[in-house]
Amino acid sequence: MDRFASDNQALFFRLRSSRYQLFEATVRPPSGSVSNEGMHRLTRYLIVAWLTALATIAPISAQDPAAGAPPAEEIRLVVILVVDQLRGDVFHRFGPLLGADGLRRLSEGGIWYRNARFTHGHTVTGPGHATIGTGARPSGHGIASNSWYDRRTGASINCVEDAASPILGTAGETGNGSPANLTASTFSDEWILATGGRARAFSVSGKDRGAILPVGKTGKAFWYSTASGRLVSSTYYYKQLPAWVVEFNNRKPSDRYFKKSWERGTKDDDGIITGRDDRSFEKDIHLFGKSFPHLFGKDLQKPEGKFYEQVASSPFGDEVITDFALELLDKEELGRRGTMDILSVSLSSNDIVGHNFGPESVEAKEVTYHLDRQVARLLTKLDSSVGPGRCLVVLAADHGVGFSPEVVSDRGYEAKRVDNADILKKINRRLNFSIRYLDWSLGFSGPGYFFDPEALQFGGRPAAELEVAVAGVIQGFAGIEAVFTRTDILGGKLPDTELARKVRAAFHPTRSPDVYVVLKPFWLEGTSAASHGSPYDYDAHVPVIFFGAGLPAAEVTRSIDVTDIAPTMSAILRTSPPSSSVGAVLPEVMGAIRARAKTPPRRQGL
Ligand SMILES: [Zn+2]
């Protein structure tokens, strides 16, 4: 059976089995439209009836994806909004903070998948953004981690590193960036190819990888420079920065925060649980204090590197990115040129704050409060610049985050910190004593341990044997759930477990480690207040919402995979799915898009 036939059959069975769950979905009437209980019941009845019809109709679309579908051009703009480190429980944990125009507008007005997760074992930013764009897992899209050891040179390289594409920014800016390491197409690549380049994709993020990966090889990416506080791109995208970007940068978008403070915007008595403001394991990495108010540029005479890092590590990093996104919408006339454009916005401050202070910190609560306001600014701008029913917004996250080990160990869980430097010392000692004296190790990177390739060559033992020796050392440390060797993973010799499948999905033959390590739940490598990267649900479970373009409000509780986003977008756009996509088309979204073609949206706003 060919791939598409098997996909269609799988979709058909998914739809059959999902019909019951559609009945189970909590369906809300649009806010403000219910004046009494009778009306409420009628609205519920109509929407449930509509969803039932949708579940019946949708399998036909699987046989003939184009039949009855709307011209894709009716939607003028797709906005992919990725919030770095946004955990799946954000709407519940921080609900009282959220205003009507921001994140809550998305969760209450869109199709909200409450049980969405990544199914790759290494949940970090580069792989997550690449999965959202490509519908593939790291084994398929090639972005195995945020960085890895290059086995040819022994150097650690960033996942978007490309020496052939230096940064375009202000004078003295160093670094580079391009999607050279991405080995799969994105849904936006497929759309741009299908339109012969008439449509365009742009991307902006606080981080290079958050900008570059979602829009693949054909988009234009801009990201925040911690050297200058400005927005940069690279020669991969432009010969020189567009004039409007130069003008934006000339206004020194970050300097307005110099000598200002990040102050509390919320109260302690709003019902949201946080830890004390200043806990022993919080980190003042950016030297603006561990408690409020956080002062920017305290010991500096003028804005420079350290200050620009402080901005990125506070809610104001997101504010600069949102400023740029709004300007981009205007200057590139996104969604207003008679074709459908794509904009990816990735907000990164939440992640940096989470690492430094922990997801249960006062700072995490404050950054969520500000994030909500930036989302509101973006949605309000889309209302006015793109117009009713013409903009589709997809909210997702690249990964979640675990509570700090100190917090969960106070509640009865055994959870501590692991120091890879200790493990590395022991590995080197063991190999030197038991085999021969050599520079054995490149070190730990991403989810595991890398040999120095020369040591593998001259070590005098087969790689498989050396991997087992290292795995044995690692297993001797506390907090280790499982180790997998490269030879076993590539040879298909993994146990038939959920964990092993996630590890295989995360594994790339040349960019992943020789020994892959999985810690026990809540254990953490390193000294950050908190982090992510594990296969566990606190890191893998993220919000996914499709909003706008006339889609109805619905909560869907069945399990979906983040890889489903990209092929769903391809189905809406009527293009091929991305080259390595493994996800399914989401029937709730696709059915609503078909229904929309029959009854064009008349609602105000998105
Ligand atoms: Zn992170």
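Residues numbered from 1 in each chain as written. Predicted model: local features only at pLDDT ≥ 70, side-chain atom pairs only at ≥ 80, totals over all residues.

### A look at the overall build of the protein chain
Rule in force here: A run of H or I in DSSP counts as a helix once it spans at least four residues, and a run of E counts as a strand once it spans at least two, with each numbered from the N terminus. Contact definition: two residues whose C-beta atoms, as placed from backbone geometry, lie within 7 Å.
Helix and strand content of the protein chain: 22 helices and 21 strands. Contacts spanning at least 24 positions in sequence make up 75% of the contacts within the protein chain whose residues lie at least 6 apart.

### Thoughts on the pairing of strand β1 (residues 77–83)
Rules: Here a residue counts as buried when 20 or more other C-beta atoms fall within 10 Å of its C-beta, as exposed when 12 or fewer do, and as partly exposed in between; the C-beta atoms come from the backbone. Following DSSP output, two strands are said to pair if at least two bridges run between them.
A large share of β1 lies buried, amounting to 7 of its 7 residues. Side chains L77, V79, L81 and V83 of β1 all project onto a buried face; the interleaved residues V78, I80 and V82 project onto the opposite face, where all are buried too. Bridge analysis of β1 against strand β12 (residues 391–396) gives 6 bridges, and the strand direction is parallel. Note on β12: the bridge partner recorded for L77 is C391. Across 7 bridges, β1 lies against strand β11 (residues 341–347) in parallel orientation. Bridge pairing in β11 places V78 opposite I342.

### Structural notes on the packing of helix α11 (residues 315–331) against helix α13 (residues 362–385)
Worth spelling out the cut-off: Geometry is summarised by axes, namely lines fitted to C-alpha atoms with helices restricted to the contacting stretch, and by angles between N-to-C directions that run from 0 to 180 degrees. If an angle is under 35 degrees, it is roughly parallel; if it is over 145, roughly antiparallel; if it lies from 65 to 115, roughly perpendicular; otherwise it is oblique.
Across the interface, α11 lies against α13 with an axial gap of 9 Å and an inter-helix angle of 5 degrees. Taken together, the axis directions place α11 and α13 in an arrangement best described as roughly parallel. Counted together, P315, D318, E319, T322, A325, L326, L329 and D330 of α11 and E366, V367, H370, L371, Q374, R377, L378, K381 and S385 of α13 form the full contact between these two elements.

### Observations concerning the environment of A164
Along the chain, A164 falls in the loop between β4 (156–158) and β5 (167–168). The exposure class assigned to A164 is exposed, which follows from the 10 C-beta atoms found within 10 Å. Distance from A164 to S178, taken between C-alpha atoms, is 8.7 Å for residues 14 residues apart in sequence.

### Remarks on the sheet that holds strand β15 (residues 448–451)
Read from one edge to the other, the open sheet built from 4 strands follows the order β14-β15-β17-β16, with strand pairing classed as antiparallel. Since the sheet does not close on itself, it has two edges, and those belong to β14 (441–445) and β16 (480–485), each with one partner. Averaged over all pairs of adjacent strands, the angle between their axes in this sheet comes to 20 degrees, without regard to strand direction. As judged from the 2 bridges shared by β15 and strand β17 (residues 515–519), these two strands associate in the antiparallel manner. Bridge pairing in β17 links G448 to Y516. Packed on one face of the sheet, helix α17 (residues 463–475) meets β15, β16 and β17 and runs near 175 degrees to β16.

### Concerning α11
Counting along an α-helix, one turn takes 3.6 residues, and residues three or four places apart therefore face a common direction. To keep it simple, the criterion reads: A helix is expected to reach a length of 1.5 Å times the quantity of its residues less one.
In this model, α11 (17 residues) spans 25 Å end to end at C-alpha, consistent with the 24 Å of a helix rising 1.5 Å per residue. What α11 keeps buried is the set P315, F316, G317, D318, E319, V320, I321, T322, F324, A325, L328 and L329. Positive phi appears at E333, one or two residues downstream of α11, with a value of about 50 degrees.

### Some thoughts on the nonpolar core
For the record, the criterion: To form a nonpolar core, buried Ala, Val, Leu, Ile, Met, Phe, Trp, Tyr and Cys residues must be joined through C-beta atoms within 7 Å. Residue ranges assigned to the domains are those given by an automatic or database domain assignment.
The biggest cluster of nonpolar side chains holds 156 residues, and the ones touching the most others in it are V79, V204, A396 and V544. If you count residues domain by domain, this core takes at least three from each of domain 1 (79–146 + 157–403) and domain 2 (417–520). Every residue in contact with A396, bar those within four places of it in the chain, is listed here: V82, I132, V542, V544, V562 and I565.

### Describing unusual backbone geometry
Negative phi is the rule for most residues except glycine; trans is the rule for most peptide bonds. The omega angle of the peptide bond from F292 to P293 is -5 degrees, so this bond is cis rather than trans. Tracing the backbone shows P293 in the loop between β9 (261–262) and β10 (294–295). Backbone geometry at Q85 places phi at a positive 70 degrees, although glycine is not the residue there. With respect to the helices, strands and loops of the structure, Q85 is situated in the loop between β1 and α3 (90–93).

### Some words on the packing of helix α7 (residues 187–194) against helix α21 (residues 565–573)
As a reminder, the rule being used: Less than a right angle of anticlockwise turn of the near helix away from the far helix marks a crossing as left-handed, whereas a clockwise turn marks it as right-handed. As a working rule, the residues Ala, Val, Leu, Ile, Met, Phe, Trp, Tyr, Cys and Pro are called nonpolar, Asp, Glu, Lys and Arg charged, and the rest polar, with Gly in that last group.
Packing of α7 against α21 leaves a shortest axis separation of 9 Å and a crossing angle of 20 degrees. The orientation of α7 with respect to α21, classified from their angle, is roughly parallel. Between α7 and α21 lies a crossing of right-handed hand. Every residue of α21 that contacts α7 at F187, E190 and W191 is listed here: A566, M569, S570 and L573. Tallied by class, residues from the contact of α7 with α21 come to 5 nonpolar, 1 polar and 1 charged.

### Brief notes about the confidence of the model for the protein chain
One rule of thumb: low pLDDT means the predicted coordinates there are not for detailed reading. Applied cut-off: What pLDDT reports is the predictor's confidence in each residue, on a scale of 0 through 100.
Taken as a whole, the protein chain shows an average pLDDT of 88; of its residues, 86% reach a score of 70 or greater. Contacts of residues 1–70 to residues separated by more than four positions or lying in other chains number 75 contacts, the stretch itself having pLDDT below 50.

### Details of the environment of D84
By secondary structure assignment, the location of D84 is in the loop between β1 and α3. You can call D84 buried: it has 28 C-beta atoms within 10 Å. In this structure the C-alpha to C-alpha distance between D84 and G206, which are 122 residues apart in sequence, comes to 9.5 Å.

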